[in-house]
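Next come the chains, spelled out residue by residue.
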Amino acid sequence: MVFGVYRLNHPPTSVDHCCHCNFINAKEPNLIVAGGSLLRVFRYVPIQEEGQIIRHRLEQVLSYNLYGMISSMATAKYPGNKRHSLLIAVGEAQLAVVDYDPSSHAIKTRMLYNYEQDDQRTMFLQQSFQPQVRVDAKNRSAAMLIYGSRLVVIPLIKATKNMADSACQSYVVDLKALDEKVNNVKDFQFLHGYSEPTILLLYEPLRTWPGRVAVRRDTCSIVAIALNIRDRVHPIIWSQNNLPFDSLYVLPIPKPTGGVLVFAVNSLMYLNQSVPPFGIMLNSLACQTTDFPLEVQQCNMVLTLDDSHAAIMEGERVILSLKSGDIYLITLLSDGMRSIKQFDWKKAATSVITSCLCMAAGSYIFLGSRFGNSILLHYQEQSSVAAKNLEEYAHKRTRYEEDEVDRELYGCTDSQHEARLATYSFEVTDSLINFSPITQMTVGESPHVSEEYRSKHHTDLEVVTCSGYGKNGALSVFQNSIRPVINSTFDLPTIYNMWTIKPVQSTLHDFLILAKADSTLVLQTGEDISELEESGFATSETTLYVGNIRHYIVQVCPRSVMLLEEGTLLHKVELQETISGASISDPFGVLVLSSGVVKLLGVVVTKEGKAQLVLSDTPSTHIVCVTTYTDESGLFSTTLSPDIEVPETKTGGGGDGDAEEEENVEELLYGNPEKDAMGENEPDPGPPLVTAVPGLTHWCVMSRDDGVLEIRSLPTWTLHYFCKNFALTPKVLTHSDQYSSVGSEGIPLVKEICLVGLGWQRQRPHLLILIEEDLHIYTAFPYCTEDSEGLKLRFSKLDHEVLIKKKKMRGSNKLIEVDSHAHYTPRIRSFSNISGYSGLFLCGETPYWLFLTTHGALRTHPMTLDGKITCFAPFNNVNCENGFLYFSSTDELRICSLPTNMSFDNHWPAKKINLRATPHFVCYHYDSKTYAVCTSAPSLNPMRPAMQNNLDKEEMNIEEDDNFPYPSLNWYSICLYTRDGWDIIPDTRIDLPKYERITSMKYMNLSGEQMGEQTKGYVVIATMSSMGEEVSARGKIMIFDVMEVVPDPEKPLSGYKFKCLYDKEQKGPVTEVDCILGHIISAIGQKIYVWSFVNNDLVGVAFIDTQIYIHSISVIKNFVLYADITKSISLLTFDRECKTLSVISRDFEPMEVYRTAFVVDGTNLGFMVSDSNCNLVIYVYQPESVDSQGGMKLIRKSDINIGAHVNTFIRTGIRIHDGSILGTTPASSLLHPSEKRHVTWFGTLDGAIGSFLPLAEKRYRRLFMLHNKLVTAVPHVAGLNPKRFRTAKMPGRWLMNPHRNILDYQLLTSFLTLSHTERRELAKHIGTTPSQIVDDLIAIQKAMMIF
């Protein structure tokens, strides 16, 4: 039986929705983006040069992976709230309203709405509708469209004494009850300029399609409905029928123009209740597909608006993004009576293919994309304005603004029209990397791995995926660990700690201090690294800490402290008591004695000019560990900053508040004409908040043995922050004004603490705590109340997956060997500017890098290639620029640098190789170490294929005018790429004929009679030619050999080339190929053939008839798993001796399968399927089961819904205890057969990478109980239920229960976010210990560290 766990290894990167609002701070705007199940909140950070802001970039503030796919998103401001609330639509008819909680720096759920009832679905049992949510511009009401014809109305006002409570409750409006024709709603929006919330619906009562335009056209209609929320009356105030059938969506125009723009595929229309309609044709198809009166404008314009997105830019200007990536600026020109008479089109720029766009803060536009990187654009009006006389225009504009009546009487002149046609320049200021959609993935060998790592029996693999579409197409290379570049290696045994020291005015390190158990080794670094025999450093005893105070060097030994300048001893202080820890942050230092007493360290200069150390006593006692911190963010302040909002102490309204709300209820419902005239009907967050660079302050953070956290200012030693039970790791660390002592019973031991500023200009303080064997990470955020004292901040716990607990070795009762020296070696090391990155390094059995990059997201990357790392230090040298040093478990000092070809600002280290074409397939050729890539590029095709009477194929010209939008045709090609620099190998590009497309490309080890039992690697390609209904579809099987040739001296990369060995047409379209026992197995139509490659020809071996259309084949040994497009999966076996294909078993239930894969669990074999409902389903073959009908039916054992479509699978062995991958070392053969498991990896269409790992039954049962407890024990974002989300979705009404049996790793890791007490109680309920649960999570994590 297959038990397993599903893990989302890399979150989705696509952006499907975006909005701009004041979510976190009323004084600072935010950008909220959503893609798949990932919700991210950004703020705008100004970049200054010479004191002036030159641009803004995005910095991530919050990030959540929800238990639900986000279908729509909008923002609203509730009465009395300074900040906006976020409305998130998920599922079929669920809505969650969330707010930012300033007390915990997290999202809290405000309201939940669920309308997924059978009475709401009506007849739509087979159709899938995505809910859409919209909010009125005046924040009077919100609405959500569900099931195509029902509208959920959500009032955004509070009930008063004159209103019933039901008036503020949500309710459902059946749109068919208002007008029986309202059905199949395509889009809806709130209109501007109405006294009541008014919704305009775009719907299509009777659907049609382009093939029936001659019979039925103009099937779309609009209707405007007023929402009387108090009485729940909804009159229809405006409607218009006979709109083009290809109408897509509507865009409301703000006042004073008003009305709505209707975007159709071939036309653009402006509609208003009080003025005649106006529309233009965008191409010559518009006059053939609609009778709506359209005007011809700009005859050289040939556009189509399918997959386009639009937003209001400024006033009467609309920005439009097309599916080609072109950005147009549309200006609405009126005649002074608010009647639009002309559209002015200007191509502004060319950008990514967008999936959403919104106007951001100031003069910024955000373009979200599913096919390329999402970008932030800055637009600026150019100085050259197209006007006849600017001075005359300015004078007239002032006069018209003063007298609005004259404007309405006399209208606008032509000069004004021309003056309003401004041109803009666009500049990309920031981008969010995107890897979606992942359509195919493969595994290759990494070329950038040092020889020291290759000698450890590692198979260094990397994942290569096909991402993007069209001009945004790219190959993406992923690694889930960091692989440094080793410059040199030295053998230096018995070193347990080290430091690098550099002068203050230099960027190069001068000294390398190496600490042994009883001595210290001092090395001087320059062109060469040599031992410094004579210096002022103490070398006869070990060293605990080395740091800089001003331009001096401070060396801390167990019983003494030395002050040095350029290696010369200036002063030495002896202590009577042993020093247990030290920390220095220029210009102060702190020493912790073995008795728990803390001493303050400083440097003074005497009158004679001599520098001396000064040790000051402090009242602090019982201190376990300490760290010093220099604040550059301004958060560590005891005064109330004007940028910090003070939370209101009142909860709920009463007294004067109710009276004020009662007086303003009419204004909330119907608006205020005076305010509307002043332009207050639109929320304007304003430009991003710009703060001055604060001064530096110095702090000391200490942990006491009773679990109390203290933060004191330096050098005054004033207590400003006191947190009780800090060692219990609560979700939020808060300041307590009662400085009383607490008991130490049951308090875990705090081993290490580190406070460091991360991110851009170190503006994001992070607190890292090592408690026993767990790492906890907190981030500081501003928070204060009017009566609070101390620092105006709190610390919020961050979710992460860094597991560093030491684990018992297999077959041993001992833990992994601990350090032999008496002094504790700090494991958390901070660094700055290592290959341009700053962050932290975590030493230990599983080393980790922690980056907080420019986008503000905390990235944790393991570095497992070299095993345990005992110590680490940054190193900048003439021979190693901005590199680092570390000691491996084999006592080797390695001088390394980070690879510059990978980006670490992702969940995995990754890089993108832009192709400017759509990648379809990629496969790694193991013999030549190259990649074969299949791409396609679109081009206009003015030809139409046809079949003549003599059955010859020919093409006929499509005779149309110049404004006809000709269809595009994808031209396929294949070429070879090097794995080192991802360069195209010259003369390897092969272009396929027109109309021929590649359906499959794989690397196969084929054997023939002339080769005997030996196999050779080939690239096998399957193609099909689709030329319309009149021409029969055919396909080919093509076999290529990658040959090594003598490179051309002028083309050094031309060392390989393609050689076509076989290229023949088959009897039908070849939809899939694979390799089975050295043969080729192919799907041609509804038949499956097995071929033998003999003498550069294919000889038929076996075949079998199947069902309808085979599009996926997976092979393991002699078993074949194939998927039919509607008839689920079947299992075959191939007998080489008898040359037969036989059916073993199949699934009898219908299923739309996307892709198939095998699941290897020791001696058990499962069959994984991804379907059209975003499910992962696992089947097993159990002929002994009664339900299998004697083995004829595959048994469905497990299923889970992941919320995204999966189109590709790969399978690898797990990482075993010696660090190698299963099957690559002799240690693999020592494993029990039941422990030989494989990881099944997959990529999704929203850019995520996931995996499935089989588990042992004992471990699965333990984690299963924890899984069920965490569903209710942990609060979930937006109130979404993980159990409901992960339940497999069935089409319609299936008479089958979901089987589940697959654990969600994301839910399991929420156990790590609990406090120490909550962990202990939860583990006790399921009969285990927190240590055992962490061990299980570590085992899962380490098994997946493959790439």
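Residues numbered from 1 in each chain as written. Predicted model: local features only at pLDDT ≥ 70, side-chain atom pairs only at ≥ 80, totals over all residues. Heavy atoms only, no water.

Trainee: Teacher, can you tell me more about the overall build of the protein here?
Mentor: When you go through the protein residue by residue, the secondary structure sums to 15 helices and 89 strands. Relative to its 1347 residues, the protein shows a buried fraction of 58%. Surface exposure of the protein reaches about 56,300 Å², of which carbon and sulfur atoms provide 48%. (Helix = DSSP H or I, 4+ residues; strand = E, 2+ residues; numbered from the N terminus. Buried < 20%, exposed > 50% of the residue type's maximum accessible area, 1.4 Å probe, protein only. Areas by Shrake-Rupley, 256 points an atom, 1.4 Å probe, with all protein chains shown as cover.)

Trainee: Help me out: how do you make sense of the packing of aromatic side chains in this one?
Mentor: When we look at a pair of aromatic rings, we describe it by the centre distance and by the angle of the planes. The tally for this structure, following the rule as stated, stands at 44 aromatic pairs. With a centroid separation of 6.4 Å and an interplanar angle of 50°, the aromatic rings of tyrosine 977 and tryptophan 982 are classed as tilted. The rings of Phe831, Tyr837, Phe841, Trp849, Phe851, Phe872, Phe884, Tyr886 and Phe904 are connected pair by pair, giving a single aromatic cluster. The cationic tip of arginine 110 hangs over the ring face of tyrosine 78; the distance from NZ or CZ to the ring centre is 4.1 Å. Residue placement shows arginine 134 over the ring face of phenylalanine 188; its charged tip is 5.3 Å from the ring centre. (Phe/Tyr/Trp six-rings, centres within 6.5 Å; stacked < 30°, edge-to-face > 60°. Lys NZ or Arg CZ within 6 Å of the ring centre and 35° of its normal.)

Trainee: Would you take a moment to explain the sheet that holds strand 57 (residues 837–842) for this structure?
Mentor: Note on sheets: strands pair through backbone hydrogen bonds, and any given pair is parallel or antiparallel. Pairing is antiparallel across the open sheet formed by 4 strands, whose spatial order is 56-57-58-59. If you trace the sheet from one side to the other, it starts and ends with strand 56 (828–834) and strand 59 (858–862), each paired once. Across the sheet, the axes of successive neighbouring strands diverge by a mean angle of 25°, strand direction being ignored. Pairing between strand 56 and strand 57: 5 bridges, direction antiparallel. In the strand pairing of strand 57, arginine 829 is matched with phenylalanine 841. (Pairing = 2+ DSSP bridges. Axes fitted to C-alpha atoms, helices over the stretch in contact; angles between N-to-C directions.)

Trainee: Help me understand a negative patch on the surface, please; the structure alone is not making it clear to me.
Mentor: A contiguous patch of negative charge, built from Glu959, Glu960, Asp961 and Asp962, is present on the exposed surface. Note on placement: glutamate 959 falls in the loop between strand 67 (953–957) and strand 68 (968–978). (Patch = residues over 30% accessible without salt bridge, like charges linked within 9 Å, V, L, I, M, F, W, Y side chains within 5 Å. Salt bridge = Lys/Arg side-chain N within 4 Å of Asp/Glu carboxyl O. Lys, Arg positive; Asp, Glu negative; His and termini not counted. Charge placed at Lys NZ, Arg CZ, Asp CG, Glu CD.)

Trainee: Would you mind going over the sheet that holds strand 78 (residues 1110–1116) with me for this structure?
Mentor: Spatially, 4 strands are ordered 78-79-80-81 in an open sheet, and the strand pairing comes out antiparallel. In this open sheet, the two strands that pair with only one neighbour each are strand 78 and strand 81 (1140–1146). Neighbour-to-neighbour, the strand axes of the sheet open up by a mean angle of 30°, direction not taken into account. The pairing of strand 78 with strand 79 (residues 1119–1124) spans 6 bridges and is antiparallel. Each bridged residue has a counterpart across the sheet, and for valine 1115 the counterpart in strand 79 is valine 1120.

Trainee: What is the right way to read the pattern of salt bridges from this model?
Mentor: One pass over the full model with this rule turns up 44 salt bridges. Among the salt bridges present, the one from aspartate 706 reaches arginine 704, with a minimum N-O distance of 2.8 Å. We note that aspartate 706, like arginine 704, is buried. Salt-bridge contacts for arginine 1155 lead to glutamate 1072; the nearest nitrogen and oxygen are separated by 3.3 Å. Separated by 83 residues along the polypeptide, arginine 1155 in strand 82 (residues 1153–1161) and glutamate 1072 in strand 74 (residues 1070–1076) bring together distant segments of the chain. Here the residues in one salt-bridge network are Glu28, Arg43, Arg57, Glu59 and Arg764, joined through shared partners.

Trainee: Where do I start with helix 14 (residues 1316–1325) in this structure?
Mentor: Along an α-helix, residues three or four positions apart point the same way, because every turn accommodates 3.6 residues. Within helix 14 the residues assigned to the buried category are Arg1319, Leu1322 and Ala1323. Axial view of helix 14: buried residues confined to an arc of 100°, hence all on one face. Within helix 14, the exposed residues directed more than 90 degrees away from the buried face are Lys1324 and His1325. Here the buried face of helix 14 lies against strand 54 (774–782), helix 11 (1257–1273) and helix 15 (1330–1343). Positive backbone phi, at 75°, marks glycine 1327, one or two positions downstream of helix 14. (Arc of directions from axis to C-beta. Contact = heavy atoms within 4.5 Å.)

Trainee: Hey, could you run me through the environment of cysteine 843 in this one?
Mentor: Within the element layout of this structure, cysteine 843 appears in the loop between strand 57 and strand 58 (848–852). With relative accessibility at 1%, the residue cysteine 843 sits in the buried group. Sequence-wise, cysteine 843 and isoleucine 804 are 39 residues apart; in three dimensions their C-alpha atoms are separated by 9.2 Å. Excluding its chain neighbours within four sequence positions, the residues that come into contact with cysteine 843 are Arg827, Arg829, Ile869, Thr870, Cys871 and Phe872.

Trainee: Sorry if this is basic, but what is going on with the side chain of asparagine 906 here?
Mentor: Examined against the element boundaries, asparagine 906 turns out to sit in the loop between strand 62 (892–897) and strand 63 (910–914). Sequence-distant contacts of asparagine 906, that is, excluding residues within four places in its chain, are made with His10, Ile433, Phe435, Arg859 and His861.

Trainee: Please clarify how unusual backbone geometry should be interpreted in this entry.
Mentor: With glycine set apart, most residues show a phi of negative sign, and most peptide bonds adopt trans. The omega angle of the peptide bond from lysine 255 to proline 256 is 10°, so this bond is cis rather than trans. Along the chain, proline 256 turns up in the loop between strand 18 (247–252) and strand 19 (260–264). Here the residue pair serine 436 and proline 437 is connected by a cis peptide bond, since its omega of -10° sits within 30 degrees of zero. Checked against the element boundaries, proline 437 lands in the loop between strand 30 (424–432) and strand 31 (440–445). Phi angles above zero are rare outside glycine, and asparagine 1096 is one such case at about 55°. Residue placement: asparagine 1096 occurs in the loop between strand 76 (1087–1094) and strand 77 (1097–1105). Phi at alanine 1278 is positive, roughly 60°, even though this residue is not glycine. Here alanine 1278 is to be found in the loop between helix 11 and helix 12 (1282–1286). Since its relative accessible area comes to 2%, alanine 1278 is described here as buried.

Trainee: I'm lost on the packing of helix 11 against helix 15 in this one. Help?
Mentor: Axis angle and axis distance: for two packed helices, these are the angle between their axes and the distance between the axes, and together they describe the pair. Helix 15 packs onto helix 11 with a crossing angle of 115° between their chain directions and a minimal axis gap of 11 Å. On the basis of the axis angle, helix 11 is roughly perpendicular to helix 15. You can see that helix 11 and helix 15 cross each other, and the crossing is left-handed. In this structure, helix 11 uses Arg1259, Arg1262, Leu1263 and Leu1266 to contact helix 15, whose residues at the interface are Gln1332, Ile1333, Asp1336, Ala1339 and Ile1340. Taken together, the residues of the contact of helix 11 with helix 15 sort by class into 5 nonpolar, 1 polar and 3 charged. (Parallel < 35°, antiparallel > 145°, perpendicular 65-115°, else oblique. Left-handed = near helix turned anticlockwise from the far one by under 90°. Nonpolar A, V, L, I, M, F, W, Y, C, P; charged D, E, K, R; others polar.)

Trainee: Is there a simple way to explain the pairing of strand 23 (residues 309–314) in this structure?
Mentor: Across a regular strand the side chains alternate sides, sitting on one face of the sheet and then on the other. The pairing of strand 23 with strand 24 (residues 317–321) spans 5 bridges and is classified as antiparallel. Bridged to histidine 309 within strand 24 is serine 321. Hairpin remark: strand 23 followed by strand 24, antiparallel, with 2 residues in the connecting loop; positive phi at glycine 315, about 60°.

Trainee: Would you mind showing me how to read the pairing of strand 12 (residues 150–155) here?
Mentor: Counting buried residues along strand 12, 6 of its 6 residues qualify, which places the element largely inside the surrounding structure. On strand 12, burial covers both faces: Arg150, Val152 and Ile154 on one face and Leu151, Val153 and Pro155 on the other are all buried. Alignment of strand 11 (residues 141–146) against strand 12, held across 6 bridges, turns out to be antiparallel. Residue pairing in the sheet places alanine 143 in a bridge with valine 153 of strand 12. Between strand 11 and strand 12, which pair antiparallel one after the other, the connecting turn spans 3 residues, and tyrosine 147 there sits at a positive phi close to 55°. In this sheet, strand 13 (residues 171–174) lies alongside strand 12 in antiparallel orientation, the contact comprising 4 bridges. The residue of strand 13 that forms the bridge with arginine 150 is aspartate 174.

Trainee: Mind showing me how you'd approach the side chain of arginine 827 here?
Mentor: The residue arginine 827 is located in the loop between strand 55 (793–797) and strand 56 in this model. For arginine 827, the contacting residues outside a window of four places in its chain are Glu752, Leu770, Glu773, Ile804, Phe841, Leu842, Cys843, Gly844 and Glu845.

Trainee: Explain helix 11 here, please?
Mentor: For helix 11, which comprises 17 residues, the first-to-last C-alpha distance of 24 Å matches the rise-based estimate of 24 Å (1.5 Å per residue) to within 8%. The inward-facing, buried residues of helix 11 contact strand 1 (4–10), helix 12, strand 89 (1302–1304), helix 13 (1305–1309), helix 14 and helix 15. (Expected span 1.5 Å × (residues − 1).)

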